[in-house]
Structures are given as structure tokens and as C-alpha cells.
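Take a look at the letters that make up each chain.
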Amino acid sequence: MPTTTPTTMPTSDARTARLFWWGAVLAGLAGITALAAYTAAQGERDTAAGQLTGGLLVLGLLALARVRSARRGAEAATASRVMGGQPDERDSQVLLRAAAMVGSAAFAVAPMALVASLVGVDAETLLTVLPWVFITVGVVSFVVIDRRS
């Protein structure tokens, strides 16, 4: 019985993941540009400039992390591999445990924010502080868990 060879080669998983990652970065770039254009059209040019600056900075750092993790492989830092979209099993566990710490912190911080609101702290102040608390908990727990594991 004759064997047949496929006419097309299947796309490798690594290539598909790489194309998806860069496609997501380009979609993010389009989203940032559209949001900044809409904001500028509403007459808020300074806000639009801030959106472009912050968004492009984040996308640039993500691209840098991707290039570093691709070139250095296992020698790249855990954060570079995670943010670059190429984590191994250990990196995924570090990220999962750090995200769990942020969730645990939310259970502790949310009641404190409620009490602060009842005491008279302005809601705008609370909404400004809470994201920074969660970012700090996430970064610190990521670094500590990465160092200890």
C-alpha cells in the first residue's frame, strides 16, 4: 500500500505562538492609537499624549522582554520570559502564586478600604491608591517567590 506525504507542513507550535504574540502586540498598538486619537478628537490632547506615551512604553518593554527571552532562552530572567510570552513550567507557577497573593491581598485590603470610606476618606483617593497597592503586592510577591523557588 503506497504511503502519501502531506502536501503542506504543519505549522510548529513555537511559530504559531510567536505569530500570535506579535499579532497581539500589533493589536495593542492599534488599540492604543485608536484610543489616543479618540481622546485627542474630544479636545484632550494632553491626555492623548499620555496615553500614547504610556501605551508605547509598555508595548516597547514587552517587545524587549520577548527579544531577550528569545535570545537568552533559559538564561533570561523569569520576568522576561513571563512578560515575553515564553514561560516554562516554573515561571508559570511563580506567576500563578504571585497572582494568588494579589487575590489574597484583595480580601484584606477591600474591607480596609470600606472602613476608610466610612470614616470619611474620599472615594477618589481610595480608587487611586488601591491599584498601586495591588501592583506593589504583585511585584514584591513575584520577586520574593522567584527568589525562593
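These figures come from a predicted structure and were not determined experimentally.

Undergrad: Whenever I open this one, the layout of surface pockets confuses me. Can you help?
TA: Rolled over the atoms, a probe sized like a water molecule indicates the empty space that remains. Roughly 190 Å³ of internal volume is contained in the largest pocket. Lining the largest pocket are Val58, Leu61, Leu62, Leu64, Ala65, Arg68, Ala79, Ser80 and Met83. Put simply, the parts of the chain that give the lining of the largest pocket at least two residues each are α2 (45-72) and α3 (78-83). Of the residues forming the lining of the largest pocket, the biggest block, 6 residues, is contributed by α2. For the lining of the largest pocket, a count of residues per class yields 7 nonpolar, 1 polar and 1 charged.

Undergrad: Whenever I open this one, the pattern of salt bridges confuses me. Can you help?
TA: Note on pairing: side chains with opposite charge can pair once their charged atoms come close. All told, the structure shown has 3 salt bridges when counted by the stated rule. A salt bridge links Asp91 to Arg90; the nearest nitrogen and oxygen atoms lie 3.5 Å apart. Judged by relative accessible area, which is 0%, Asp91 ranks as buried. Owing to a relative accessible area of 31%, Arg90 belongs among the partly exposed residues under this scheme. Between Arg90 and Asp146 there is a salt bridge, and its shortest N-O distance comes to 2.6 Å. Of the two residues, Arg90 is situated in helix α4 (residues 89-119) and Asp146 in helix α5 (residues 123-148); the sequence distance between them amounts to 56 residues. Judged by its relative accessible area of 22%, Asp146 is partly exposed. Members of the salt-bridge network, linked through shared partners, are Arg81, Arg90, Asp91 and Asp146.

Quick notes on the rules
- Residues numbered from 1 in each chain as written.
- Predicted model: local features only at pLDDT ≥ 70, side-chain atom pairs only at ≥ 80, totals over all residues.
- Heavy atoms only, no water.
- 1 Å grid on protein atoms, 1.4 Å probe; cavity = no way out; pocket = protein on both sides within 12 Å on 5 of 7 lines; lining within 4 Å.
- Points joined across faces, edges and corners; volume = space filled by probe spheres on them.
- Helix = DSSP H or I, 4+ residues; strand = E, 2+ residues; numbered from the N terminus.
- Nonpolar A, V, L, I, M, F, W, Y, C, P; charged D, E, K, R; others polar.
- Salt bridge = Lys/Arg side-chain N within 4 Å of Asp/Glu carboxyl O.
- Buried < 20%, exposed > 50% of the residue type's maximum accessible area, 1.4 Å probe, protein only.

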